[in-house]
Amino acid sequence: MKTCDITLFVNREKYAITVPVNRTLLQVLREDLSLMGTKYGCGTGECGSCTVLMDGQPVLGCLTLAATVNRKQITTIEGLEEDGVLHPVQEAFVEKSAAQCGFCTPGMILKSKALLDKNPTPTTDEIADHLEGNICRCTGYVKIIEAVEHAAGQMDKNL
Ligand code: FES
Ligand code: FES
């Protein structure tokens, strides 16, 4: 298999690695960098559990070839906490009990962060629309949407 050399920045750390051209970003994160917070669900772009941020925008790790992320900034759930302090969206998911089994949670949180970064005061419908591609089999989505609304309120207070 043909390989290529890439440099990527994951959670503010620089990595220079050689990858087969068909290796996905999800495989690199979980298998090469041991960042297991990003989940492997369907592997076909249907569930959103592999969502990470690339230069601040949500992407599906299972559909993104590592060879295409050269010199990109990747944020996984492990990188949201800073100096031991959880991100407000993480805090809100805890406070509102928006995680049950937790399998969808990293993707939900990262996707929600991306929404609040560009729209700090989303409506309930905007939150639901934004999270549409992320499947949760446990919560029924109500608590997840409440958590994002709560995080928006908390972040607004801190401005
Ligand atoms: S594992 Fe990527 S969308 Fe399901
Ligand atoms: S909390 Fe279990 S899939 Fe969402």
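Just above, that's the structure.
Analysis parameters
- Per-chain numbering applies: the sequence of each chain, read as written, is numbered from 1 onward.
- Chains and ligands are labelled by the order in which they are written, letters from A for the one and numbers from 1 for the other.
- Reporting of local features is limited, given that this is a predicted model, to residues whose pLDDT is at least 70; pairs of side-chain atoms are given and counted only at 80 or more, and all residues count toward the totals for whole chains, interfaces and linings.
- Counts of 20 or more other C-beta atoms within 10 Å of a residue's own C-beta define buried residues, counts of 12 or fewer define exposed ones, and intermediate counts define partly exposed ones; C-beta atoms are placed from the backbone.
- Working definition: helices are DSSP H or I runs of at least four residues, strands are E runs of at least two. Numbering for both runs from the N terminus.
- Taken from the helix axis, the directions to the C-beta atoms give the arc we talk about.
- With C-beta atoms placed from the backbone, a contact is any residue pair whose C-beta atoms sit within 7 Å.
- Any two strands are treated as partners once DSSP identifies two or more bridges connecting them.
- Working definition: the nonpolar core is a set of buried Ala, Val, Leu, Ile, Met, Phe, Trp, Tyr and Cys residues, joined through C-beta atoms within 7 Å.
- Segmentation into domains, and thus their bounds, comes from an automatic or database assignment.

Chemist: Quick rundown of helix 1 (residues 25-32)? Include the residues and the values.
Modeler: Those residues of helix 1 that fall on the buried side of the exposure criterion are Leu25, Leu26, Val28 and Leu29. Buried residues along helix 1 cover an arc of 170° about the axis, so they all sit on one side. Of the surrounding elements, those touching the buried residues of helix 1 are strand 2 (13-20) and strand 3 (51-54). Remark: serine 34 follows helix 1 within two positions and exhibits a positive phi of approximately 55°.

Chemist: Would you mind going over the pairing of strand 2 in detail, with residue names and values included?
Modeler: When strand 1 (residues 3-10) meets strand 2, the two strands line up antiparallel, connected through eight bridges. By the bridge assignment, isoleucine 6 is partnered in strand 2 with isoleucine 17.

Chemist: I'd like to hear about unusual backbone geometry, residue by residue, with values.
Modeler: The phi angle at arginine 12 is positive, at roughly 75°, despite the residue not being glycine. Of note in the backbone geometry, aspartate 55 takes a positive phi value of approximately 50° without being a glycine. Looking at the element boundaries, aspartate 55 is found in the loop between strand 3 and strand 4 (57-60). Look at aspartate 55 and you get exposed, because 12 C-beta atoms sit within 10 Å.

Chemist: Now, about the nonpolar core: what can you tell me, with residues and values included?
Modeler: If you look at soluble globular proteins, the nonpolar side chains tend to sit buried side by side. Core analysis: the largest hydrophobic core is formed by 39 residues, its most contacted members being Val89, Phe93, Ile109, Ile144, Ala147, Val148 and Ala151. Broken down by secondary-structure element, the contributors of at least two residues to this core are strand 1, helix 1, strand 3, strand 4, helix 2 (88-95), helix 3 (105-118) and helix 5 (142-157). If you tally residues by element for this core, the top one is helix 5, at six residues. Domain assignment of the residues forming this core places at least three in each of domain 1 (3-79) and domain 2 (88-157). With residues near it in sequence (within four places) discarded, isoleucine 144 still touches Ala98, Met108, Leu131, Cys136 and Thr139.

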